[in-house]
Every structure is written in structure tokens, then in C-alpha cells.
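Listed below, chain by chain, are the residues.
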Amino acid sequence: MGQKSLGSLKWVRHFLSETPGDQISGGAPRQVPGACWSRVEPEPMPNPVLRMWSEEMASDLCLEVGEAGLLAGNGKVEGMDPYAQRYGGHQFGNWAGQLGDGRAITLGEVDTGKGVLELQLKGSGKTPYSRFADGRAVLRSSIREFLCSEAMHHLGVPTTRALSLVTTGEEVMRDVMYDGRPAPEPGAIVCRVAESFLRFGSFQIHAMSGDDKTLRALVDNTVSQHFPDHSSDSDQGLVEWLKEVADRTALTIAHWMRVGFVHGVMNTDNMSIHGLTIDYGPYGWLEGFDPDWTPNTTDSSTRRYRYAHQGEVGAWNFARLLESISLLMEEPRSLHEALDSYYESYTTHSRRMWAEKLGLDGFQEGDGELVSELTSVLQSTETDMTILFRMLSSIQGPDPNHLGRAFYDVEEIPQNEWNSWLARWWERVDGRPNRESMLNANPKYVLRNWMAQLAIDAAEKDDYSVAQALHGMLKKPYEEQPKNEEEWFNRRPEWARNRVGCSMLSCSS
Ligand code: AMP
Ligand code: MG
């Protein structure tokens, strides 16, 4: 018996057989009304080389080998039936019409025996949804997606996964800062994996054109395949399903807040119906704790997708999904219940996580003030979020000097504010914070932008050792890992403060 390869997986076709698709295969960019997908073949790549591989994801799929050619879209195995999904979306608050998988191509769905997972290549060529773009992805953004989605998984944050990263041997032109200076970059393809890549925008696109028939087919397929405990055949059934979507969405965003992650582009086409973190583009991690921070230069004037606004944006996006589903309901007013439940879920999850981060025995009256005072003292001088919470998790007494490493300038530690907050917290926890819960809620290692950039700089010189090392380290983000401490448990180095790719990211990827 050979090793288990893509050809030995059990490929199935639920989505293609249960929802309406495009009559034409492949072809030029176009509008595809009435369809949920278009069949399309990945474009062959000249020289695929497997660079990164997730053992954990492979093992969930019962895969033992990574076949670079297939993972770059060269050829197919029996059962694969590649397609691009059609969806729309609100981008930065405005309805943008048809978007769709412009450079993602699903190879197919795999029945793992424990559930169905979709395998999708990102960067493998043009589709009817490519609009004016090339259907390609570059190495830099592929490394960011591979490392961050796997890191998020190990942090316990719901996310799409990455199975592999393959370089294509092609050069791709990109204008990183949109300043009219495009340059060639190495091309790459990530194979990503999720229950599905359905987004809020997958539903919106049909509702926006009043196509309730296609919307109905898509909702029925989604609920029966992915939410088997729910039913889509009555108003009440739909509301209960949407409450589940609300809860999953709220949970994921609460986790982002817990670990200091900023998605950067929370358009409704980037909101997973499963509540997974999806579409890793110009995301970033808080270094100095700044609620107004966004990594996305495209959003620098309005900061719609800033760190502290993510919970509220989740509600706005969810409301757009509700509007879409209202088309299928006799009494759409009951959708208010679902929106209320989003806020309830978000509050419940956030409180639980704050309690864990601070080692409290549950979130009680008055703890809201403890949290808001903390977030304000965190902003009084530049303070590293990850280091601060990690050091707080093992602090021996209420003394800010024990947190020194978290401050950019130790001369500037606001002693009075910290002394008073620490004293209040210490009293609240009776001098005995629940350290175990703190150590499991406050990661020691996250994928700071400058860390990803170091991995990218090396990989662009054909050296994948930094990316591999980070991949390994980020599998255990809550463990001490003393050998990694000096290098990676650190504040942002000065060189990264204003460097493109570290403090500034664009959507160009
Ligand atoms: P994003 O900002 O990555 O969520 O992408 C928004 C839309 O642009 C999606 O429909 C993408 O598929 C599409 N898109 C982004 N980059 C490319 C590309 N290089 N080629 C084709 N479509 C793209
Ligand atoms: Mg997207």
C-alpha cells in the first residue's frame, strides 16, 4: 500500500449538486446571475515546490503526502470537480455587487468520516469572478495566511486552516503600496481547508437581486450540510439557525479581542457563515495597546475596522445577513431576536474571556470598571499587549515594576495609575488570581507582523527556516518555550515601526 494521497480521499459533491451553478465552465470575467458557483480549472503552474505543510491538518484529512503539483492546481484526481464560488459583499460599508472567488478555486469537498471539509487553492488562476485582476497570490501574503491561520487554530480561535504552501515558479506583478511602482514577486498557492468557504456575501448576492429561489437552495444546502441540528423550513427554524451563526461570529470576534488580533478587512464577503476567521489579508496584531489601531492602510482615514470596533462591525455585518434572509420569511420581524442574540453572545463571550485573562472567578458586578480602567491605563504609555498580559499572569505582587518588559520606555511607566489598578485587581482576586486560566487565555507567542516579515524576507531568498521555526513555535502559543523567549517574546523592534509589511499593509496580495 502506498501512502495516502489526495487521490485516496473520498471526494463528494454536496454543494455542486444541491445549489444552482453557472451554465458555462471557466471563461472570461462576467456577471453570473442565478448561480452559486462556476466550474473552472486551475491554471497549470511552471514549477511547483512544496514549502510548508501542516501535519495536523493533513492528519485530520488522513493525508500522508503533499503532492506539490496537485496542490498547485496542476492536474486532478478522480472525484475533484473544481469550481469558484459566487458571492457579493459590502466593502467598507458600501454594497459592491458581485465579487466571488477571484483567485480561489475549490478542488472539491472531502468526506473525512468525521465530517466534510472543502479544499481550496488560493492563487491558482483566473475565474469568472477575477474582475480586472490576475487570479494569482504572492509568496508574502501566502506565508502570512499559512502561518496565521495555523497559529490561530492553535490559539483556540475558530479559523479556516492551511494544509500547504507551494511556490509556483511564476513571477507575479504587484504594486504593494499602490504608488505606481509595480515589481515582480514570487507566486505561491496556499491550499486552505474549512467546512465551507461560504460567507455572508454568498447569501447577500441573491437577496440583493431578489432571487429568492437561488437563496432558498443555498440556505437549505447550508443548513442541512453544516448545521444539522437546525432546520430551514420555517421562520422559527431560520431564526434559530441565525442565532447559532450570531453566536459563532460573536465568539470568534471575542477571541480576536482576547489575543489582540485585528482582521483589517471585515467586509461582509470576508465573514464566514461558520464564524471562522477567514481571508487573511492586511491583518495585524496589537503591539502597543491601541484600540484605534488598524493595520490596513486602505482604511487609515476612517479606521472602520480598527481593533476596538470589531465587535460592533460584526453586528453591522450580521444585520446585512439578516436582511438577506428576510426574503425567505413570512414574518421577518422575528429577525430582531437574532440580532439581539448577537449582542448577548458577544457580551457573554467577552466577559468570560476578560475573567479568564484577569484570573477572576467569573465576571461580576464592578468587573466592567476594572476592565475599562485597565484598558485606559494600558494606553497611558506605549505598552505591549501580549507581554503585559502574560507577565500579569505570573506576577507575584501588585507591583508595576514586575511588568517592566512590556513597556517601551521604562522611565515612563505611569506608576500611580498602575499601582492603583494593580491594587484594585489584587484585592478583587484576594491575592490569588487563577493563574492557570490566565496562562491559558494570555498567549506568550503570537504572529506579530514583524515576525511574519522576517519569515517572508528569508523565504524570498529561498530560506524557509524562519517560517518553519515560527510555524513550530506557534503550535504551542501558551507554553513557555524558554529557547524561543529571547528572540520572539519581544516588543516590536525599532526597524519594524514604520516598515511596509509590519506597521503598514495594503490589500495588494
Ligand atoms: P479580498 O480583499 O482579498 O477579500 O478580495 C476581495 C475580492 O477581490 C474577492 O472577490 C477576491 O477574490 C478578489 N481578488 C483579490 N485579489 C485578486 C486577484 N489577485 N485576482 C483576482 N481576484 C482577486
Ligand atoms: Mg475576501
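So, how was this worked out
For every chain, the first residue of the written sequence is number 1, and numbering continues from 1 along that sequence. Lettering of chains starts at A and numbering of ligands starts at 1, both following the order in which they are written. Thresholds applied to this predicted model are a pLDDT of at least 70 for local features of residues and 80 or more for the giving and counting of side-chain atom pairs; totals over whole chains, interfaces and linings are not thresholded and use all residues. The basis for the side-chain values is all heavy atoms of the structure; hydrogens and waters are excluded. Should a side-chain nitrogen of Lys or Arg be within 4 Å of a carboxyl oxygen of Asp or Glu, the pair is scored as a salt bridge. Helix numbers and strand numbers start at the N terminus; a helix is a DSSP run of H or I with at least 4 residues, a strand a run of E with at least 2. Throughout, exposure labels follow a simple rule: accessible area from a 1.4 Å probe, protein chains only, divided by the maximum for the residue type, with under 20% read as buried, over 50% as exposed, and the rest as partly exposed. For two strands to count as paired, DSSP must find a minimum of two bridges between them. Working rule for helices: expected span equals 1.5 Å times residues minus one. Residue contacts are defined here by distance: any two heavy atoms, one from each residue, within 4.5 Å place the two residues in contact. Listed donors are limited to N, O and S atoms within 2.8 Å of the metal, widened to 3.2 Å for Na, K and Ca; water is not among them, so incomplete-looking sites are possible. All axes here are fitted lines through C-alpha atoms, helices being fitted over the stretch that makes contact, and every angle between N-to-C directions spans 0 to 180 degrees. Oblique is the label for any angle not under 35 degrees, not over 145, and not in the 65 to 115 range, which are roughly parallel, roughly antiparallel and roughly perpendicular in turn. Crossings are sorted by hand: turned counterclockwise from the far helix by less than a right angle, the near helix makes the crossing left-handed, and turned clockwise it makes it right-handed. Polar here means any residue outside two lists: the nonpolar Ala, Val, Leu, Ile, Met, Phe, Trp, Tyr, Cys and Pro, and the charged Asp, Glu, Lys and Arg; Gly therefore counts as polar. Throughout this document, a residue counts as near a molecule or strand when at least one of its heavy atoms sits within 4 Å of that molecule or strand. Two N or O atoms count as a polar contact when they lie within 3.5 Å, although within protein this holds only if one can serve as hydrogen donor and the other as acceptor, and sequence-adjacent residues are included solely when both atoms are side-chain atoms. Segment limits for the domains were obtained from an automatic or database-derived domain assignment. Buried surface area refers to the total accessible area, computed with a probe of radius 1.4 Å, that the two partners give up upon joining, counted for both partners together. To define a nonpolar core, start from buried Ala, Val, Leu, Ile, Met, Phe, Trp, Tyr and Cys residues and group those joined through side-chain atoms within 4.5 Å.

Considering all chains together, one arrives at 39 salt bridges under this definition. Across the salt bridge formed by aspartate 361 and arginine 428, the nearest N and O atoms sit 3.0 Å from each other. Within this pair, whereas aspartate 361 is found in the loop between helix H9 (335-357) and helix H10 (367-377), its partner arginine 428 is found in helix H12 (residues 415-428), the two being separated by 67 residues in sequence. Residue class for arginine 428 comes out partly exposed when judged on its relative accessible area of 22%. One network of salt bridges, in which partners are shared, links Lys122, Glu145, Arg192, Arg199 and Asp279.

Each regular strand displays side chains that alternate between the two surfaces of the sheet. With seven of its eight residues buried, strand S7 (residues 104-111) lies for the most part within the structure. Pairing between strand S1 (residues 11-12) and S7: two bridges, direction antiparallel. When the bridges of S7 are listed, tryptophan 11 appears paired with valine 110. Of the pairings in the sheet, the one linking S7 to strand S8 (residues 116-122) comprises seven bridges and is antiparallel in character. When the sheet's bridge partners are listed, threonine 106 is paired in S8 with glutamine 120. Between S7 and S8, which pair antiparallel one after the other, the connecting turn spans four residues, and glycine 113 there sits at a positive phi close to 95 degrees.

Moving on to helix H6 (residues 212-226). Relative to the 21 Å expected for 15 residues at 1.5 Å per residue, H6 spans 20 Å between its end C-alpha atoms, a close match to the ideal helical length. Where the residues of H6 are buried, they touch helix H1 (14-18), helix H5 (200-208), helix H7 (235-259) and helix H8 (310-325).

To continue, consider the coordination of the magnesium ion (ligand 2). Coordination of the magnesium ion (ligand 2) by the protein is provided by Asn270 (OD1) and Asp279 (OD), with metal-donor distances spanning 2.0 to 2.2 Å. With a relative accessible area of 10%, asparagine 270 lands in the buried category.

This next bit is on the side chain of histidine 206. If you trace the backbone, histidine 206 turns up in helix H5. Its relative accessible area of 1% is what places histidine 206 among the buried residues.

With that settled, consider the packing of H5 against H8. With their axes 9 Å apart at the nearest point, H5 and H8 run at an angle of 40 degrees to one another. Compared by their axis directions, H5 and H8 come out oblique. Here H5 and H8 pass one another in a crossing that is left-handed. From H5, Phe200, Phe203, Gln204 and Ala207 reach across to H8, where they touch Asn317, Phe318, Arg320, Leu321, Ser324 and Ile325. Residues that form the contact of H5 with H8 fall into these classes: six nonpolar, three polar and one charged.

What follows concerns the packing of H10 against H12. One way to put it is that H10 packs onto H12 with a least axis distance of 10 Å and a crossing angle of 155 degrees. In terms of orientation, H10 and H12 fall into the roughly antiparallel class. In the packing of H10 onto H12, the handedness of the crossing is left-handed. Within the contact between the two elements, H10 uses Asp367, Glu369, Leu370, Glu373, Leu374 and Val377 and H12 uses Glu417, Trp418, Trp421, Arg424, Trp425 and Arg428. Classifying every residue of the contact of H10 with H12 gives six nonpolar, no polar and six charged.

So, on to the site of ligand 1. The full set close to ligand 1 counts 16 residues, and Gly100, Gly102, Arg131, Asp134 and Gly135 are the nearest of them. Measuring from an oxygen atom of ligand 1, one finds a backbone N or O atom of glycine 100 at 2.6 Å. A distance of 3.0 Å separates a nitrogen atom of ligand 1 from a polar atom in the side chain of aspartate 134. Considering only residue class, the shell around ligand 1 consists of three nonpolar, five polar and eight charged. Both domains that meet at the shell around ligand 1, namely domain 1 (6-200) and domain 2 (231-356), each give it at least three residues.

Bringing the domain arrangement of the chain into the picture now. As assigned here, the chain comprises domain 1 (6-200), domain 2 (231-356), domain 3 (364-432) and domain 4 (449-496). Taking the mean C-alpha position of each, domain 2 and domain 3 sit 28 Å from one another. Contacts between the two partners involve eleven residues from domain 2 and, on the opposite side, eleven residues from domain 3. Summed over both partners, the interface of domain 2 with domain 3 buries about 860 Å², with 70% contributed by carbon and sulfur atoms. Linking domain 2 with domain 3 are zero salt bridges.

Let's shift gears to the nonpolar core. With 113 residues, the main nonpolar core has Trp241, Leu358, Trp418 and Trp425 as its most contacted residues. Top contributing element to this core by residue count: H7, with twelve residues. If we skip the residues at most four places from it in the chain, tryptophan 241 touches Phe203, Val219, Thr222, Val223, Phe227, His230, Ile273 and Ile325. Counting 24 residues, the second largest nonpolar core, distinct from the first, contains Trp11, Met80, Leu121 and Leu163.

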